[in-house]
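Reading the structure
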Amino acid sequence: MDKIRSTKEIIAAHTLTYFNFLNLVLAGLIVLSGQHRNMLFMGIVVSNALIGIIQELKVKKLVDALSVVTATKAKLVCEEGVREVPVEYLEVGHVIRLSLGDQIPVDCEAVESQGAEVNESLLTGESLAVRKQAGDFLYSGSDVVAGTLTARVLHVGRDNYASQLVQKAKKKRRATSEMQNAIQRMIKYVGRAILPIGIVLYLIQRQVAGNSVSDSLVNTVAGVLGMIPEGLVLLTSVSFILGVGRLAKKNALVQEMEAIEALARVDVLCLDKTGTITTGDLRVERVIGLGSYREKEISEIMGNLVYAFEETNHTTEALRQYYKKESSYDIRERIPFSSSRKCMGITVREDAREVTYRLGAPEYLGADEEVLCNAEDYAKMGMRVLYLQKDKEPVALLLLSDVIKKDAPHTFRFFEEKGVVIKILSGDNPMTVSAVGVRAGLAGAENYVDAGELPEKEEKLREEVEKYTVFGRVSPEQKQRIVNAIEANGNVTGMVGDGVNDVLALKDADCGIAMASGSDAAKQTAHIVLLDSDFASMKDIVKEGRTIIANIERVSALYLTKTLYSIFLCVVFIILGKTYPFIPIQLSLIGATAIGIPSFLLAFERHEDTIPKGFLKNVLRISLPAALILTIALVVFTYLEELFHAGDAVTGTLNLLAGGAVSFGVLLSVCIPMSRWRFVLCVVVIGAFCGAILLFPEFFNVISVPDVFRWIGNRIIK
């Protein structure tokens, strides 16, 4: 949903509609005609509105509760200590605490920094983190990626950079909905045609066909009523609303209902490595001593080095799990980790002199050729390589690996079976990401490229994105370009992200999915938020989406058949100047037994069909031939009436039987493959249709079926 509507808005949305107004006008015409039994369709209109209101109110209650999970919080420093408060509570002058992983909620000035670095890529486009010191300006919407900060609030509300992010998120591309678009186009054209067709049809019924005012009104209402696909509109909206509720129970907050269909049709899913393939944690796999250094001495150095700082990140957390704390060194200076230096270090007093231990990327610490070659080999194996040196002397290579999520291989297998191609867009070394992908069982993960090598021209880029599964060293702008290139190749894209660097790609994807644990900007931009921040839950979400959309597509043929033959009949019988073949009560019987009841029951079946493209083409393949067959049959019956002087009652009965036969034929076709449940459903509704005609022929303005066959037999004998 775009926004969770209030109760008042929900009621208005389901009652104050164009088609409801039109139905009221038609009901008024029936009242004028005096044939009140033909107002049965208003019962369906009222029940449709009630169903929609009740179901959306249920979902609103559930989604309102879940929306609290994504609310933005801040850590306020006060006399009692540090406490969490809503961002809206903050005022200019308040002091807040920020640590690794936090998003800066409001524009601030740094008061105190302990090795703090901030990612401002959404603002500047620069992927490197920026070191922050006391007195530096902190933009809201940027993320703390290292160290801790104490900051004073400078701006709140509209003056806040976060407000600009919200405005930008509001301008995001809507989730694509081929089905919704097709239905809306159809409603638009039918809505425009109803009034002129209705006026002309009434004039023809009254002046050319020679019917009374009462019968002309009833016939006109029948013609116009059949053109209104309100049942399909209700079914679609209720299915989406219930889908939002079911997905909420699976920890997915749907922020636009159309995203359910977009996700069901996704055939290329783009995602980052961290949080999807890997947990985001690191693990020390191996330590290789260099020169004369052995394990015991390396452990002592690392035990002092990694515990020398208060701030931590994923790398130091992994090292702390591997090494025990040591306090044997006289530390004189601490050098916190910096993205620009790509290392951390300590200077200690040792043997009456000062020496410096540094830990970081080998290429940034001036490692020799042999060490660099070894580091490259390990990187190809998916390892993160850290180089430990004492002054300029090599001490050790530490090999760390990303912790692959246990369910990652199963998740990738699921998407492969469902025909969804996975592409990894990562800021890390492409060789490393590729190796991790291979370990996780991602098909095609060995095909990788450095995003810096991708062509600038859009046509060339469209060719290149087809070749690779893994894209490394990807900037935020490049993620956006890659997603756009994939879409330009005719694919439906999904983008899974959690950081500010994913916002541009999330915004342009057909369906953007964010993690609740990610940045607020990502959550605001995405169409769906995974509240458990677990990529594996995408399996259930895709299953649910495909079930909803496949069911709606299947039963849409029932509704469109009625809309099409109503349009055809209106046009043909206007041209022929003949009496319209149905009255409203007859259409209500066909609509309830052959369309309404079975469609709502079939719409909630459980399956995971692959969703083919071309909603309207798929539906018209069934409904168009059926509508043409019925139109031709009713025209034939009309002329046979004149030829054999059958009378209105006989022809009306044949028309109703033909309408039922064609509608039930469509129902049987959408029930293929026929299961036991579907067979029982078809038998019950066909029985209800036949029973209604046999038991209440006068109510439906027909003669008994035996009388029809008796009349046909008499004509044959003559």
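The preceding data block contains the structure.
Residues numbered from 1 in each chain as written. Predicted model: local features only at pLDDT ≥ 70, side-chain atom pairs only at ≥ 80, totals over all residues. Heavy atoms only, no water.

**Digging into helix 20 (residues 584-602)**
The end-to-end C-alpha distance of helix 20 is 25 Å, a good match for the 27 Å that 19 residues give at a rise of 1.5 Å each. Its maximal kink placed at alanine 592, helix 20 deviates by approximately 45°. Of all 19 residues in helix 20, 15 are buried; the element is thus mostly enclosed. (Helix = DSSP H or I, 4+ residues; strand = E, 2+ residues; numbered from the N terminus. Expected span 1.5 Å × (residues − 1). Bend = angle between axes of the 7 residues up to and from the residue. Buried < 20%, exposed > 50% of the residue type's maximum accessible area, 1.4 Å probe, protein only.)

**Some remarks on the pattern of salt bridges**
Under the criterion given, the structure shown has 16 salt bridges. With a shortest N-O distance of 3.0 Å, lysine 405 and aspartate 534 are connected by a salt bridge. Linking lysine 405 in the loop between strand 15 (393-404) and helix 13 (408-417) with aspartate 534 in the loop between strand 21 (528-530) and helix 19 (538-576), this pair joins segments that are 129 residues apart in sequence. We classify lysine 405 as buried; its relative accessible area is 13%. Given the relative accessible area of 23%, aspartate 534 is considered partly exposed. Between glutamate 458 and arginine 481 there is a salt bridge whose closest N-O contact spans 3.4 Å. Of this pair, glutamate 458 sits in helix 15 (residues 458-467) while arginine 481 sits in helix 16 (residues 476-488); the two residues are 23 residues apart in sequence, bridging distant segments of the chain. Taken together, the salt bridges that share partners define one network made up of Glu261, Arg265 and Glu553. (Salt bridge = Lys/Arg side-chain N within 4 Å of Asp/Glu carboxyl O.)

**Some remarks on the side chain of serine 599**
Tracing the chain through its elements places serine 599 in helix 20. Under the relative-accessibility criterion, serine 599 is labelled buried at 0%. If we skip the residues at most four places from it in the chain, serine 599 touches Leu235, Val555, Leu558 and Tyr559. (Contact = heavy atoms within 4.5 Å.)

**Notes on the packing of aromatic side chains**
A complete count under the given rule lists 11 aromatic pairs for this structure. Both rings, one in tyrosine 565 and one in phenylalanine 582, keep their centres 6.4 Å apart while their planes meet at 45°; by these two values the pair is tilted. Residue tyrosine 565 is located in helix 19, and its partner phenylalanine 582 is located in the loop between helix 19 and helix 20; the two are separated by 17 residues in the primary sequence. For the pair shown, tyrosine 565 and phenylalanine 582 are each scored as buried. Feature note: the residues Phe412, Phe414, Phe415 and Phe535 constitute an aromatic cluster, connected by ring pairs. (Phe/Tyr/Trp six-rings, centres within 6.5 Å; stacked < 30°, edge-to-face > 60°.)

**Here's the deal with helix 8 (residues 230-249)**
Given a rise of 1.5 Å per residue, 20 residues ought to cover 28 Å, and the 29 Å separating the end C-alpha atoms of helix 8 matches this to within 8%. Among the 20 residues of helix 8, 16 are classified as buried, and the element is accordingly described as predominantly covered. Looking at the residues trailing helix 8, positive phi occurs at asparagine 251, about 65°.

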